[in-house]
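# Architecture and fold: a report
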Amino acid sequence: AGSHYAAMAVSAPLAQVRRFQDAIAGPTALAFNAQLKALAATPEGVAQVAAELARIHAAIVARRPSILCAGSGDDGHDLARLLAAAWPTSGTTTGAAVAPGASSEAAPQAPANVALHAAGQVNHCNIAWAVPMSHDDDAGALSVAAELFTNQVLHTALREAGGAYGGSASYAGDSGVFSMASFRDPRLAATYRDFDAAVDTILASDYTDEQVEEAIIGVIKKLDKPEAPWDAVRLGWRMYRRGTDMATRERFRQGVLGCTQAQVKAVVQKYLKNGTASRAAFAGNTEQDLGGLAVVDLSVLAGA
């Protein structure tokens with residue numbers, strides 16, 4: 001799970017939602033699981049865990065739930081009304097969604113600079129920057145930039161020349177994180193030099209209209225990926241909760257379709273070249289050049 005842990009560690013300082021994900025499934029969760037295991041070894045510890053679970057349960061059932069229904073025609077609305085009528089009206093509300101363009105994110109923390117270590121034959125390298133979320137006017141250009149990085153720079157540098165199994169960039173508009181990553185990588189420090197060089201390459205290169213169009217199509221294909229009805233409901237709900245209405249989604253789409261190379265270079269310069277990067281890698285061994293990353297032993301973190 002080295003690739004997963006590195007991806008969690010690199011983005012946790014940059015966005016509140018990523019810190020939550022790290023707490024339940026990332027390196028931070030390893031220490032919690034070790035603590036939980038120790039508590040479960042004694043009757044007093046079990047009682048402490050039970051009391052905490054009871055507190056959490058009480059907090060959950062005291063809130064009025066949100067009801068999501070999917071159906072053909074008006075069936076979903078009819079089912080929702082039936083369920084709402086049968087549900088107790090007591091309890092606090094679930095809370096209002098944030099307004100479009102607003103962010104419920106906490107301020108970013110200090111960026112990571114760690115090499116998560118467990119014995120292995122490969123590395124997984126990650127670098128990330130805090131960038132605007134999908135409500136922002138720059139979101140479309142950031143999405144297109146990720147496609148250009150992947151197809152025009154990173155695949156060649158990391159896979160073909162560097163020997164990694166894969167290399168890519170991504171923009172997460174839901175959390176405001178732009179990242180690059182290598183997977184099953186024989187190198188580490190050299191890959192981070194390639195990440196830095198990739199930013200300069202995008203800024204210095206003149207791509208053809210066809211290459212930019214291919215990047216735009218790559219983003220649109222992901223937006224237009226068919227969703228099962230229930231998955232579409234859940235996606236819509238998650239977007240609603242962070243204030244992303246249909247008008248915002250359409251504005252993002254138009255920003256992608258109208259994106260120019262100049263806009264891509266502008267966001268890369270503003271957020272990546274001038275930004276502060278967070279770095280986290282899974283390192284298969286600590287004898288290699290770690291490029292200044294501080295070693296964190298995953299087995300110690302997990303209490304092994």
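Residues numbered from 1 in each chain as written. Predicted model: local features only at pLDDT ≥ 70, side-chain atom pairs only at ≥ 80, totals over all residues. Heavy atoms only, no water.

Let's shift gears to the packing of aromatic side chains. For the structure on display, the rule yields five aromatic pairs. Lying over the aromatic face of Tyr-165, Arg-159 brings its terminal NZ or CZ to 5.5 Å of the ring centre. Note that Arg-279 overlies the ring of Tyr-192, its terminal NZ or CZ placed 5.1 Å from the centroid. (Phe/Tyr/Trp six-rings, centres within 6.5 Å; stacked < 30°, edge-to-face > 60°. Lys NZ or Arg CZ within 6 Å of the ring centre and 35° of its normal.)

Take helix 10 (residues 246-257) next. Between its first and last C-alpha, helix 10 extends 16 Å over 12 residues, near the 16 Å set by a 1.5 Å rise per residue. For helix 10, the elements touching its buried residues are helix 6 (139-161), strand 3 (166-172) and helix 8 (209-223). (Helix = DSSP H or I, 4+ residues; strand = E, 2+ residues; numbered from the N terminus. Expected span 1.5 Å × (residues − 1). Contact = heavy atoms within 4.5 Å.)

Averaged over every residue, the pLDDT of the protein chain is 91; the share at 70 or more is 93%. With pLDDT under 50 throughout, residues 99-104 is counted as low confidence; its partners more than four residues away or in other chains account for 12 contacts. (pLDDT = per-residue confidence, 0-100.)

A few words now on the pairing of strand 5 (residues 278-283). With respect to burial, strand 5 is a largely interior element, six of its six residues being buried. By the alternation rule, side chains of strand 5 split into Ser-278, Ala-280 and Phe-282 and Arg-279, Ala-281 and Ala-283, which are all buried. Sheet topology note: the strand 1 (residues 113-117)/strand 5 ladder contains five bridges and is parallel. Looking at strand 5, one finds that Ala-115 is bridged to Ala-281. (Buried < 20%, exposed > 50% of the residue type's maximum accessible area, 1.4 Å probe, protein only. Pairing = 2+ DSSP bridges.)

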